[in-house]
Amino acid sequence: MGNKVTTFTEDQLEAYQDCTFFTRKEILRVFKRYQELSPDLIPFNMTGDESRKIKLPSDVIEQMAELSENPFKSRICQVFSEDGNGSLSFDDFLDMFSVFCEAAPRDIKTAYSFRIYDFDGDSYLNKEDLEKTLKNLTRDELTTDEVNFVVDKVLEEADLDDDGMLSYIEFEHVISRAPDFLNTFHIRI
Amino acid sequence: MDPPCDNDGYAPASPRTEGDEEYEMVDRNNGPTSSGLRRRKTWSAQNETDRETARLLESLPSRQLESLATTLGKDTIHFKHRRMKSFHGGSGVDPSNEIADAMTNDPQFAEKTEDEIEEMLKGMTTTLSSKRVIMHKVSSRRKRGVGRFTRFKYNVAMNWQHFKYSVAEVMYSLELWKSHLKLIEGHFGTGVTSYFLFLKWLFLINIPVFLLTLGFVVLPQVLYRWLKQDPPGYIEPSENSTYVSFTGIELLTGQGWFENTELYYGFYTNRTINLIGNHNYEMKYAYLFTCGGYYLLCLIILATSILQSYRKYYIEGSGDINFYYISKVFNGWDYGITSVEAARLKHKSLFLELSEYLAGFKGKKEKTLSAKCQLFMIRLCTNIAVLGLIGASGYLIYYLSSIIRRIEIPYLIDVLAIPLCITGVHLILPILFHLLERLECYVKPKTELYIHMIRTMTLKGVTLIVLVNFWFTELSKDSTLCWETYVGEEIYRLVIVDFIFTLLVTFLFEFMRRIVANYCIKSLSVAEFNIGRNTMDLIYSQTLCWLGTFYCPLLSCIVLIKLVIIFYVKRVSVIQNCQPSMRPWRAARSHTIFLGFLFSFFLLTTVAVACGIIFVEPSDNCGPYKGQNQTYQVVTELIDSWKDDYTWLTYTIEFISSPGFIAAVVIILGMGTYYLRLVMIGHKQMVTLLEQQLTLEGKDKNFLLKLLQDVNKKNKDKKKTSRPLTATSYLSDDTVTSPGGRTFIRQVAEASSRTGL
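Just so it is clear, the structure is predicted and the values come from calculations on it, not from any experiment.

### Considering the overall build of chain A
Here comes step 1: Along its length, chain A carries twelve helices and two strands.
Here comes step 2: Starting at the N terminus and walking to the C terminus, you meet the elements of chain A as α-α-α-β-α-α-α-β-α-α-α-α-α-α.
Here comes step 3: Viewed in the frame of its principal axes, chain A has a C-alpha envelope of about 65 × 30 × 25 Å.
Here comes step 4: Counted over contacts in chain A with a minimum sequence separation of 6, partners at least 24 positions apart contribute 59%.
Here comes step 5: Summed over all atoms, the accessible surface of chain A reaches about 7400 Å², with 49% contributed by carbon and sulfur.
Here comes step 6: Computed over 21 positive and 40 negative side-chain charges, the inter-centroid distance for chain A is 7 Å.

Next comes the structure, spelled out in structure tokens:
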């Protein structure tokens, strides 16, 4: 049926399959979505280094249906981008959806959700991080007092060594106790 | 004063000035990346001494551990204990090289299969590009110097991997209804999606049941009838009946033309089917063993699902500790939401919940004793009322069934009365239950929901038990009719009427309500999709399917078709007519509870059908067991026939079914359960103890670090006097005494006085 353009070489597909939680068909499907975001920039043939080099800016990625209503969309793009400014190459894009897919285990989801909520990137969730998370969730409708109260409560529940911040270990300890985490931290593509 | 030589690869980006700027340490390698973590200390580093403390903090083993845990995932953590220094020593080197080195230099590396290496790679939190680079490096290094046996092992492992991938590909292309589920999740979130996923799961369970009955029971009978012409066509082999033609009404009542087809038990032969050469196919054994087979299959599937679900959601998420705020903040947002309306509602619902909880928290008042007594009396009365209602409906069903058999009633009404009555009871009584629950004033909506579910399921269970009891006691005594076929017809009618009512209710309560809300009465709001009620309806219909498949072998096919139609109808209705709910639905916990209900109903149906097989006499003129005292007799006869040939087998079976053996097994299982429960309680206590210890250790650490800061400051001030500091001058300080930290203070003080920090 006409000339079939190979998007990826066999080795590339195999490497993707080994490093993500997707099967080949899903990888090709994710690529199709990636390309639809900006058909001019992304070529059909990605057999070379294009999957690492060519990056889409974050505002294009944030327009995707799956991310457009997410209050943490800019943070998600920053976490998964290689240089931290939010522009994603195809590798990063695939990585992102692989972490969010159903087959990804709890550990990797916990690690990435910690990074998403860590707005200042110091590997601790301090009060400012928690305040920003809360404001994003409620779209700024809570008063400052209420925000402070909730943040204090969160720290009371989770901060075991009382340093006023949540380290990764403490975060993981409470998230593993939350049964709904795997259901909510899940994007279908 | 020079900073101590730091071997952790981090260095100050530029000479920092004094003041209240935060001290920033930037990873020189890649800047702020995901693989090298950017650190910023929030200690207000007012001066040099604090910077030293902060730098010391960085090299604490626990901080190293955390950064490595997030980068490499848990499996490889044991690598890093040995290789910490070298990992952080390389500045300006690509970290993927380090990771690949660490992986290959581990002595256990050669033992690891492809599977495990892939698991490790997938679990790493670095970028995909670096993962590919690591993979490439690791696989190229592995290829050197492996023996023949290891190469054989790799081949086997790789072929297994390829096989698993191809299976996954096939499953992916076969996956049902993916786009529909995605659309529903985008608009409504995980709560409503859980209903549709449950429906899909029930659909998938019914497929093997259907295939089993089709292959082992229905097909042989069909082939027997076609090839041997016995009985010829579908005419009932009795003298005073005429050929009944197919009219449309049979689809509703299940009688008439359907009565003498493979649809019902009564049509199946009890002869030995001999189609090919001298291979005999005993329909008696086939029918019974297929029944046992699919019950066993369903038991295995249900038990494993409920165990997995319980472990995932209850044990790992331990039910006792209630992290309310954490689950709101970190699990509050449903990442699957894609529609604007659903997002707006979700934001609003999060805000409302938090503000409600905050308001309730501040103004909690203790109820007076009289109020508590009053509430207790009200709840007692409502519970008695509920039990009374359920008992009354049970009696009504029984009374109706017995009346119908005695009085002359026009044709359609007498067959449809019971199903209509039952379905009506199932619709009306839950509404009454809701009213009663409103009187009971439960504080948490969760409790109210669970109590409502238990009451509704009890109602359904009781009506079914009454009906089954009537069939087995009264109906089987009637020797003129083939009672198994009649039971099959009753269940068929129940299924069909339930299906019609589901469609009607969807149409009336969702579609009409939207029309009325949009065009007539503006104040009426659009319906929300009631997940609990719909899921319980699904459980009920699945119960009917399990109950009826013995008496009506093609019922599983009918239920499959019903599930497909209901899926599409509900999906269209939900998108068009419903709005997302403001209250969150705890999908994970509810899933386990629904599976629990399903499992208990499954056990009930197994017991019911087993009673029917063992205790009730089969009818004399129809079915595979005509003329016997018990259906189960064929099994006992089979075992007896083995007595001569396989005596050891008979002895084993006799031993296993003896009461002593069964009692011993039950006692051992009970003891095992009790022991495991004790272990679990011990673990929980251990966890609380360890958490307390952890908190205390954290407080210790803070205390010591403050002390360290003070020591540093004092050293700086006292440096001018050049008086050697001795450890003893600190030990006399009051603040030194702290639990578990005394020796450490002495060492630190001694070390600081020696090095003159």
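### Topic: the UniProt feature "domain: TMC" (unreviewed entry) in chain B
Here comes step 1: The feature "domain: TMC" (unreviewed entry), as annotated in UniProt, sits at residues 482–588 of chain B in this numbering.
Here comes step 2: Taken end to end, residues 482–588 of chain B comprises 76% helix and 0% strand; its first and last C-alpha atoms sit 46 Å apart.

### Here we look at the interface of chain A and chain B
Here comes step 1: On the chain B side, the residues contacting the 93 residues of chain A number 83 residues.
Here comes step 2: Of the roughly 7800 Å² buried between chain A and chain B, counting both surfaces, carbon and sulfur atoms make up 58%.
Here comes step 3: A salt bridge links Arg188 of chain A to Glu185 of chain B; its shortest N-O distance comes to 2.6 Å.
Here comes step 4: There are 21 residue pairs in polar contact (both at pLDDT 80 or more) connecting chain A and chain B.
Here comes step 5: When residues of the side of chain A that touches chain B are assigned to their parent elements, the largest contribution, eight residues, is made by helix α8 (residues 106–117) of chain A.
Here comes step 6: Of the residues assigned to the side of chain A that touches chain B, the class counts are 41 nonpolar, 20 polar and 32 charged.

### Thoughts on the packing of aromatic side chains
Two numbers describe a pair of aromatic rings. These are the distance of the centres and the angle of the planes.
Here comes step 1: Tallying each qualifying case throughout the model produces 49 aromatic pairs over all chains.
Here comes step 2: Ring centres of Tyr34 of chain A and Phe93 of chain A lie 4.8 Å apart, and the angle between their planes is 45°; on these two criteria the pair is classed as tilted. With a gap of 59 residues between them, Tyr34 of chain A in helix α2 (residues 24–37) and Phe93 of chain A in helix α7 (residues 90–100) connect regions that are remote in the sequence. Phe93 of chain A carries the same exposure label as Tyr34 of chain A, and that label is buried.
Here comes step 3: Members of the aromatic cluster, joined through ring pairs, are Tyr265, Tyr268, Tyr287, Phe472, Trp483, Phe550, Tyr551 and Tyr625 of chain B.
Here comes step 4: Seen from the ring of Tyr112 of chain A, Arg115 of chain A lies directly overhead, with NZ or CZ sitting 5.3 Å from the centre.
Here comes step 5: Sitting over the face of the ring of Tyr486 of chain B, Arg405 of chain B holds its NZ or CZ atom 5.8 Å from the ring centroid.

### Quick word on the nonpolar core
Here comes step 1: If you look at the biggest cluster of nonpolar residues, it comprises 96 residues, and the most contacted ones within it are Val192, Tyr195, Phe196, Trp471, Phe550 and Leu598 of chain B.
Here comes step 2: With 14 residues, the single largest contributor to this core is helix α9 (residues 190–228) of chain B.
Here comes step 3: Not counting residues within four places of it along the chain, the set of residues in contact with Leu598 of chain B comprises Phe198, Trp201, Leu202, Leu302, Ile539, Gln542 and Trp546 of chain B.
Here comes step 4: Listed in part, the 80 residues of the second largest apolar core include Phe22, Val30 and Leu94 of chain A together with Tyr325 of chain B.

### Examining the UniProt feature "domain: EF-hand" (unreviewed entry) in chain A
Here comes step 1: UniProt tags residues 75–103, 105–140 and 146–181 of chain A as "domain: EF-hand" (unreviewed entry).
Here comes step 2: From the first C-alpha to the last, residues 105–140 of chain A spans 32 Å; its make-up is 67% helix and 0% strand.

### Section: a nonpolar patch on the surface
Residue and element names in this part refer to chain B.
Here comes step 1: A cluster of nonpolar side chains, namely Phe655, Ile656, Phe661, Ile662, Val665, Val666 and Leu669, defines an oily patch on the protein surface of about 630 Å² accessible area.
Here comes step 2: Contributing elements (two or more residues each) for the nonpolar patch: α22 (647–656) and α23 (659–718).
Here comes step 3: Counting residues per element, the nonpolar patch draws most heavily on α23, which supplies five residues.
Here comes step 4: As for its position among the elements, Val665 is in helix α23.
Here comes step 5: Residue Val665 is classed as partly exposed on the basis of its relative accessible area of 34%.

### Focus: the domain arrangement of chain A
Interfaces are often sized by the accessible area lost when the parts come together.
All names here are of chain A.
Here comes step 1: When cut into domains, chain A gives domain 1 (10–100) and domain 2 (106–184).
Here comes step 2: Opposite the eleven residues of domain 1 that make contact, domain 2 presents twelve residues.
Here comes step 3: Both sides of the domain 1 and domain 2 interface together cover about 1000 Å² of buried area, and 72% of this is carbon and sulfur.
Here comes step 4: The largest per-residue losses of area from domain 1 upon contact with domain 2 belong to Phe72, Arg75 and Val99, which jointly make up 56% of the total buried on that side.
Here comes step 5: One can count zero salt bridges joining domain 1 with domain 2.
Here comes step 6: At the surface where domain 1 touches domain 2, the tally comes to three residue pairs in polar contact (both at pLDDT 80 or more).

### Topic: helix α12 (residues 324–331) of chain B
Here comes step 1: Within α12 of chain B, seven of the eight residues are buried, which leaves the element mostly enclosed by the surrounding structure.
Here comes step 2: Restricting attention to buried positions, one finds in α12 of chain B the residues Tyr324, Tyr325, Ile326, Lys328, Val329, Phe330 and Asn331 of chain B.

### Some points on the packing of helix α10 (residues 144–158) of chain A against α12 of chain B
Any two packed helices are characterised by how steeply their axes cross, that is the angle between the axes, and by the distance between the axes.
Here comes step 1: Where α10 of chain A meets α12 of chain B, the closest approach of the two axes is 8 Å, and the angle between their N-to-C directions is 110°. Taken together, the axes of α10 of chain A and α12 of chain B lie roughly perpendicular to each other. α12 of chain B is crossed by α10 of chain A, and the crossing has left-handed handedness. Across the interface between the two elements, Phe149, Val150, Lys153, Val154, Glu157 and Ala158 of chain A of α10 of chain A pack against Tyr324, Tyr325, Ile326, Val329 and Phe330 of chain B of α12 of chain B.
Here comes step 2: Class assignment for the residues of the contact of α10 of chain A with α12 of chain B results in nine nonpolar, no polar and two charged.

### Section: the pattern of salt bridges
Here comes step 1: Summed over all chains, the structure comprises 22 salt bridges over all chains.
Here comes step 2: A salt bridge links Asp152 of chain A to Lys127 of chain A; the nearest nitrogen and oxygen atoms lie 3.2 Å apart. Taken together, the residues Asp152 of chain A in helix α10 and Lys127 of chain A in helix α9 (residues 127–138) connect sequence positions 25 residues apart.
Here comes step 3: Assessed through its relative accessible area of 38%, Lys127 of chain A is described here as partly exposed.
Here comes step 4: The partner of Asp537 of chain B in a salt bridge is Lys460 of chain B, and the shortest N-O contact between them spans 3.2 Å. Residue Asp537 of chain B is located in helix α18 (residues 531–548), and its partner Lys460 of chain B is located in helix α16 (residues 445–473); the two are separated by 77 residues in the primary sequence.

Parameters at a glance
- Residues numbered from 1 in each chain as written.
- Chains lettered and ligands numbered in written order.
- Predicted model: local features only at pLDDT ≥ 70, side-chain atom pairs only at ≥ 80, totals over all residues.
- Heavy atoms only, no water.
- Helix = DSSP H or I, 4+ residues; strand = E, 2+ residues; numbered from the N terminus.
- Contact = heavy atoms within 4.5 Å.
- Areas by Shrake-Rupley, 256 points an atom, 1.4 Å probe, with all protein chains shown as cover.
- Lys, Arg positive; Asp, Glu negative; His and termini not counted.
- Charge placed at Lys NZ, Arg CZ, Asp CG, Glu CD.
- UniProt positions renumbered as here; feature names shortened; annotations may be inferred.
- Buried area = accessible area lost by both parts, 1.4 Å probe.
- Salt bridge = Lys/Arg side-chain N within 4 Å of Asp/Glu carboxyl O.
- Polar contact = N/O pair within 3.5 Å; in protein donor to acceptor, adjacent residues only side chain to side chain.
- Nonpolar A, V, L, I, M, F, W, Y, C, P; charged D, E, K, R; others polar.
- Phe/Tyr/Trp six-rings, centres within 6.5 Å; stacked < 30°, edge-to-face > 60°.
- Buried < 20%, exposed > 50% of the residue type's maximum accessible area, 1.4 Å probe, protein only.
- Lys NZ or Arg CZ within 6 Å of the ring centre and 35° of its normal.
- Core = buried A, V, L, I, M, F, W, Y, C linked by side-chain atoms within 4.5 Å.
- Patch = residues over 30% accessible without salt bridge, like charges linked within 9 Å, V, L, I, M, F, W, Y side chains within 5 Å.
- Domains from an automatic or database assignment.
- Axes fitted to C-alpha atoms, helices over the stretch in contact; angles between N-to-C directions.
- Parallel < 35°, antiparallel > 145°, perpendicular 65-115°, else oblique.
- Left-handed = near helix turned anticlockwise from the far one by under 90°.

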